[in-house]
Amino acid sequence: MNFESELKKGNFLISECVHCKKIVWPPSEFCNQCFKEVSWRKSLYEGKIIEFSKQNNNYFCLVEIENTIKVMGKISSGIPNVGQHVKIERCGIKDDNYYFEMSLI
Amino acid sequence: MPKVGIASCGITKFTKDDSKIESVLLKSTKNLFDNSPNLSRNDIDAVLVSTNNNSKYLSAILSEMSGIEPKIAHSIESLCNSGTNAIVSAYSYIASGLADAVLVSGAERYDSPGQILEWDNSRGEFKHPIFWASIFTKAYKREFSVTDEELAIVPVKNHKQSQNNPNALSEKTYSLEDIINSKKLTDDLRLLDCSRPCTGGASILLASENTCKKFTDVPIWITGIGQKTTSAGFTKNMSFSSMESTQIAASTAFKMSKCNVKDIDVAEVHDAFSVCEPMALESLGFTDKGKGIDMIKDLHATNNLKINPRGGLIGSGHPLGATGIAQTIEITQQLQSCANKRQIANAKTGLVHNMSAAATSSTVLILER
Ligand SMILES: [Zn+2]
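Procedures and definitions
- Residues numbered from 1 in each chain as written.
- Chains lettered and ligands numbered in written order.
- Predicted model: local features only at pLDDT ≥ 70, side-chain atom pairs only at ≥ 80, totals over all residues.
- Heavy atoms only, no water.
- Domains from an automatic or database assignment.
- Contact = heavy atoms within 4.5 Å.
- Buried area = accessible area lost by both parts, 1.4 Å probe.
- Polar contact = N/O pair within 3.5 Å; in protein donor to acceptor, adjacent residues only side chain to side chain.
- Helix = DSSP H or I, 4+ residues; strand = E, 2+ residues; numbered from the N terminus.
- Salt bridge = Lys/Arg side-chain N within 4 Å of Asp/Glu carboxyl O.
- Buried < 20%, exposed > 50% of the residue type's maximum accessible area, 1.4 Å probe, protein only.
- Axes fitted to C-alpha atoms, helices over the stretch in contact; angles between N-to-C directions.
- Left-handed = near helix turned anticlockwise from the far one by under 90°.
- Nonpolar A, V, L, I, M, F, W, Y, C, P; charged D, E, K, R; others polar.
- Donors = N, O, S within 2.8 Å, 3.2 Å for Na, K, Ca; no water.
- Tetrahedral: all angles 85-135°; square planar, octahedral: opposite > 155°, others 65-115°.
- 1 Å grid on protein atoms, 1.4 Å probe; cavity = no way out; pocket = protein on both sides within 12 Å on 5 of 7 lines; lining within 4 Å.
- Points joined across faces, edges and corners; volume = space filled by probe spheres on them.

Residues and elements named next belong to chain B. What the domain assignment reports for chain B is domain 1 (4-111 + 198-221) and domain 2 (128-194 + 223-368). A separation of 24 Å is found between the C-alpha centroids of domain 1 and domain 2. Listed by partner, the interface residues are 39 residues for domain 1 and 38 residues for domain 2. When domain 1 packs against domain 2, close to 2800 Å² is buried across both sides, 68% of that on carbon and sulfur atoms. Sorting the residues of domain 1 by area buried against domain 2 places Phe14, Cys80 and Ile220 first, and these three jointly supply 23% of that buried surface. The interface formed by domain 1 and domain 2 contains 15 residue pairs in polar contact (both at pLDDT 80 or more). Going through the elements one at a time, β1 (4-11), α3 (82-96), β4 (101-108), β7 (200-208) and β8 (220-229) are the ones with two or more residues in the side of domain 1 that touches domain 2. When residues of the side of domain 1 that touches domain 2 are assigned to their parent elements, the largest contribution, seven residues, is made by α3.

So this is what it looks like as structure tokens:
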């Protein structure tokens, strides 16, 4: 899939339905509302923290991107807060898993 | 709709044994036959197997090993609520007239592949269930000002209750300090907050009204069924401090059974992690939002077994495909007044809450004497 080959290169693409004017997530070839083909664009690489916790010394968080997409990722440094804005610093696929690393802004 | 009832049950002890899935299935099926002297193999029209195990055509295998030649035989999988999904399928076969008696057998091994959801990439590298449980716990504590110490009452209560369940995995009680001092998995979750995967089997025989009475003097009727799947991905949940799918499933089940939450004398709720019990109690309507812990504190202090009398998933262990069936067996025994030391006096109406995939899917069953 287009999405995964780009994610492997560190690019976070978003599938959007031109007809419904809606983001389709998880990424898919077809809109989940009308089944028309989606178009792809680069994400704004910004989101906000919905919730977070910590394992050992690493914070992990649930982040909402463009008010629609929610993903789990790591916080690279600093102490997060709910509602705080973050930037996706790095993303990709490692050991068959997606990963997202965010920094606080 | 024609009446569908529970005619017999069978169960195994929940363990950490390295048993073959086929042998776990056979064991609880044998126990079911042992418990129903009037049941013959020819009475069974369908054999449904509930499991997350990757083995193929287990219902045909179980049928052959049990000497049954059913009309209908297939597996049912929907992660942690496979068991109640299989019961709902059995109900539907009977209600539609396609079958008169259906054997539902659930089994899982301690190393079940149903624990890690590979498809759900929105979880990034955080695919183990402890991560969604940590997010739920943190969100619940934040929204309702609940502490870790308060949540720790859930495992204290459920391990305590499981000591009267001869099939439970748990073999001891724990203090609040034990829970708080158990291994820290994340800032919001400790080892003893978790139900444990295990090896175990549970079987149930469903039948039409007249057939039920051939096999038992005390049939228990399934009078309400509610199910809802809101998504497959954990991050698609709209709330992380309540269970939307549970709320919808409960309202459907209550409507079908024409009763309400005040009529429920005993319930098994899906306490996969400590936080799930208060959240489930709130979403099922037993108490207001944020008040689940108060209800649990009260039950624990008064030794009231109303919620999770067999010890829930935390005390009993969680063999995914068998869990929903084991919950239903517990409520059946309660309503038949044969739950021994776990018995809730005069229980007439009971509820089963079984969910999967971080509360994105729920089943609620109402059972009546
Ligand atoms: Zn569309």
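What follows covers the pattern of salt bridges. Residues and elements named next belong to chain B. With the rule as written, the count across this model stands at 24 salt bridges over all chains. As a salt-bridge pair, Asp148 and Arg190 come within 3.8 Å of each other at their nearest N and O atoms. Taken together, the positions of Asp148 in helix α5 (residues 148-151) and Arg190 in strand β6 (residues 189-190) put the pair 42 residues apart, joining distant regions of the chain. Ionic pairing is found between Lys184 and Asp187, a salt bridge with its closest N-O pair at 3.6 Å. For Asp187, a relative accessible area of 30% puts it in the partly exposed group. One continuous salt-bridge network, built from bridges that share partners, spans Lys141, Asp148, Asp188 and Arg190.

With that settled, the discussion passes to the packing of helix α4 (residues 129-144) of chain B against helix α10 (residues 276-284) of chain B. Residues and elements named next belong to chain B. Orientation of α4 relative to α10, taken along the N-to-C sense of each, is 65 degrees, at an axis distance of 10 Å. Viewed along their axes, α4 and α10 form a crossing whose handedness is left-handed. Taking contact as the criterion, the partners of Trp132, Phe136, Tyr140 and Phe144 in α4 are, on α10, Cys276, Pro278, Met279 and Glu282. Across the contact of α4 with α10, the residue classes break down as seven nonpolar, no polar and one charged.

All names here are of chain A. Around the zinc ion, the protein supplies Cys17 (SG), Cys20 (SG), Cys31 (SG) and Cys34 (SG) as donor atoms, at distances of 2.3 Å. Coordination at the zinc ion comes from four donor atoms whose angles at the metal span 104 to 112 degrees, giving a geometry best classed as tetrahedral. Read N to C, the donor residues that coordinate the zinc ion are spaced as C-x2-C-x10-C-x2-C. Of the residues examined, Cys31 reaches a relative accessible area of 0% and is grouped as buried.

Once that is clear, we can look at the domain arrangement of chain A. Residue and element names in this part refer to chain A. If you check the domain split of chain A, you get domain 1 (3-42) and domain 2 (46-104). Of note, the centres of domain 1 and domain 2, computed from C-alpha atoms alone, are 20 Å apart. The partner domain 2 presents twelve residues to the eleven residues of domain 1 that form the contact. In this assembly, domain 1 packs against domain 2 so that about 1000 Å² is buried in total across both faces, 75% of it on carbon and sulfur atoms.

This paragraph deals with empty space enclosed by the protein. All names here are of chain B. One pass over the full model with this rule turns up one cavity of 30 Å³ or more. Counted as a void, the largest cavity has a volume near 80 Å³. For the lining of the largest cavity, the secondary-structure elements that each account for two or more residues are α5, α7 (176-180) and β6. Residues belonging to the lining of the largest cavity are distributed by class as follows: six nonpolar, two polar and four charged.

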